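Chain residues, written in single-letter form:
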Amino acid sequence: MSNRTGSRRQKAAEDGERSLIGPPSGHAGESVRDQDASTTPFFVYLLAFFSALGGFLFGYDTGVVSGAMLLLKKEMHLSALWQELLVSSTVGAAALSALSGGFLNGWLGRRICILIASFIFCGGGIVMAVALSKVVLLVGRITVGLGIGIASMTVPVYIAEVSPPHLRGQLVTINSLFITGGQFIASVVDGAFSYLSHDGWRYMLGLSILPAVLQFFGFIFLPESPRWLLQKGRSQEARQVLGRIRGGQNIEEEYDTIRTSIEEEENETGSGGVVILRILSYGPTRRALIVGCGLQMFQQLSGINTVMYYSATILQMAGVREDKQAIWLAGATSATNFVFTLVGVWLVERVGRRKLTLGSLLGTGLSLTLLAVGFLLSAQHSPPVTLHPVDFHNSTCRLYESCEPCMLDPDCGFCYLENDAGVFNSSCVPVSPASTDSAAWGRCSNRTEESFSPYWAYNYCPTSYSWVVLLGLILYLASFAPGMGTMPWTVNSEIYPLWARSTGNACSAGVNWIFNVLVSLTFLHVAEYLTYYGAFFLYAGLVVLGLLFVLCCLPETKGLQLEEIENLFARRLCSCGDLPASDDNHVHYIRSSDYRPAHYGAVDSDCAIAYITVSTASW
Ligand SMILES: O[C@H]1[C@H](O)[C@@H](O)[C@H](O)[C@@H](O)[C@H]1O
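Residues numbered from 1 in each chain as written. Predicted model: local features only at pLDDT ≥ 70, side-chain atom pairs only at ≥ 80, totals over all residues. Heavy atoms only, no water.

1. Section: the sheet that holds strand 2 (residues 422-430)
Part 1: Strand order in the open sheet formed by 3 strands is 2-1-3, and the pairing between neighbours is antiparallel. Only two strands of the sheet have a single partner each, and these edge strands are strand 2 and strand 3 (455-457). Across the sheet, the mean angle separating the axes of adjacent strands is 30° when strand polarity is ignored.
Part 2: Alignment of strand 1 (residues 412-419) against strand 3, held across 3 bridges, turns out to be antiparallel. Pairing of Cys415 across the sheet is with Trp456, part of strand 3. (Pairing = 2+ DSSP bridges. Helix = DSSP H or I, 4+ residues; strand = E, 2+ residues; numbered from the N terminus. Axes fitted to C-alpha atoms, helices over the stretch in contact; angles between N-to-C directions.)

2. What to know about unusual backbone geometry
Part 1: At His77, a residue that is not glycine, the phi angle is positive and equals roughly 50°.
Part 2: When you line up the elements, His77 lands in the loop between helix 3 (65-75) and helix 4 (80-108).
Part 3: The class of His77 is exposed, set by a relative accessible area of 67%.
Part 4: Unlike most non-glycine residues, Asp199 shows phi in positive territory, near 65°.
Part 5: By the secondary structure assignment, Asp199 is in the loop between helix 7 (165-193) and helix 8 (200-206). (Buried < 20%, exposed > 50% of the residue type's maximum accessible area, 1.4 Å probe, protein only.)

3. Points about the packing of aromatic side chains
The geometry of two aromatic rings is summed up by the distance between their centres and the angle between their planes.
Part 1: Evaluated as defined, the whole model comprises 22 aromatic pairs.
Part 2: Geometrically, the ring pair formed by Phe375 and Phe536 is stacked, given 5.2 Å between the ring centres and 5° between the ring planes. On the criterion of sequence distance, the pair formed by Phe375 in helix 17 (residues 353-380) and Phe536 in helix 21 (residues 498-553) is long-range, its members being 161 residues apart. When sorted by exposure, Phe375 lands in the same class as Phe536, which is buried.
Part 3: Summarising the aromatic geometry, the rings of Phe523 and Tyr539 are spaced 6.4 Å apart at their centres and angled 20° between planes, so their arrangement reads as stacked. In this pair, the class of Phe523 matches that of Tyr539, namely buried. (Phe/Tyr/Trp six-rings, centres within 6.5 Å; stacked < 30°, edge-to-face > 60°.)

None of the figures reported here should be taken as evidence of function without further support.
Structure below.
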């Protein structure tokens, strides 16, 4: 490693240490690091807002489809396979385009990629709104998926690169707020247009054109990231943009740090070759990639999309029988997700990324356990099947003695009457091949709104323990949203050096989408084999693994400049134990047990201390 690298590392380490301990004294001029919110130019917020519209579209297009599907399946006579295709094609396309977005980002820049994404969103929205056949609809869904993938990896990178360090976490987390905001607005739109039985879905799917157009025109006037410009050797432009987004602050220190960092990175890792291979063969970036992809994987393995998707059924279990009511109450679920993401935006610069993620994982694990216990109690007290009508088709449904095994069989549903004393006159009968909303034959095949008409429960059982499940659901969203919902995106936007940032984010966003598809496609099968409580216990177990991963591998990046963060990955990853006392770059590592506040200032004394570097002079 070059001496210059050593000295930059040392300087950055000292700066990093200072930023954790408190503001430096006797610093000439006000640097970006010392700014506070009152001196942050409005322009930075404007940039964050227009970029985060990409997050909004991500949330809207992934969220709106469930409500649209209720109308579409009736109007276009969609089979279960087509419904599945229309939902997962978007997520699959997002995975592919997120992975290829890294190349586009490095080549064309962040701004052009955001423009491309908004253009694609517009195109996809128009195709869906005017679609006359399910094939055209599928083309539209795949198109918006391509837009979502590019936006999901570009927007956090762009915001991180234009933000001043003290606000970066908050501004990048605003993108996550827009994602959950998009999901919430989608559920409101779904609710409102569900009353329009003819063509309501066209408005639901087509409305995404509006924010896409707004973003497209906004970005025509907004600048490219100064870091990308500098990397491409366009230093004059970079200086101008930096000056503009820092609103007349002293930009020299930041400009020099970025420039030196680019030069040294080129010396260290070379500038040619396939970026992903360079990332994998260079220790600090390989470790950062493991942390970034691991966080995204555990975000999806915590089961957020299953819980959100399944919330309508959870609400039905809790006694909400009407379709329309269930749609509106599912809106309440996405509203809860949104409100608690706001808590994340508020907390990220106060408590830091690491503590926020750890706390969130702990709460998520506990609430998943509560959800599982709720399902377990419901299963143990599952109502018995009391009527056994003659089944001429000899289906498997006639074999079940209670609701639980009947509801776990995807071909059967539970038909019953209910009064104050509970469930009575219940049977397990085959589901209609045309729609899961009714039975294939018998009293639940043509139900009316009359009070003596029987209830049809597909995919759930009536239970008096639904309040435990409901409580679990609310606690889950309250703990997941502020940390695990937001931090994987935020942390990924800041842990890679400039040359690896696009590719690193492309890989981690790709991992997010791949696990998103995997978890949602496997949920019903997992539930069939392990039952619902088994599935939720499984997610809780995966969250415990995630907790250990974060505990040992995620350093704190709060307050550091992007160029300083790579130093956090300079040494061995994933350790809370012994670390070497020094290395040839005059960088020392201390164990939390050796930590004395009198010597090192008031910094956190948990495992993150292992990453705090102290120069030889101050040792
Ligand atoms: O961060 C987001 C958010 O938590 C969403 O609610 C979820 O649907 C996405 O999968 C996730 O990436």
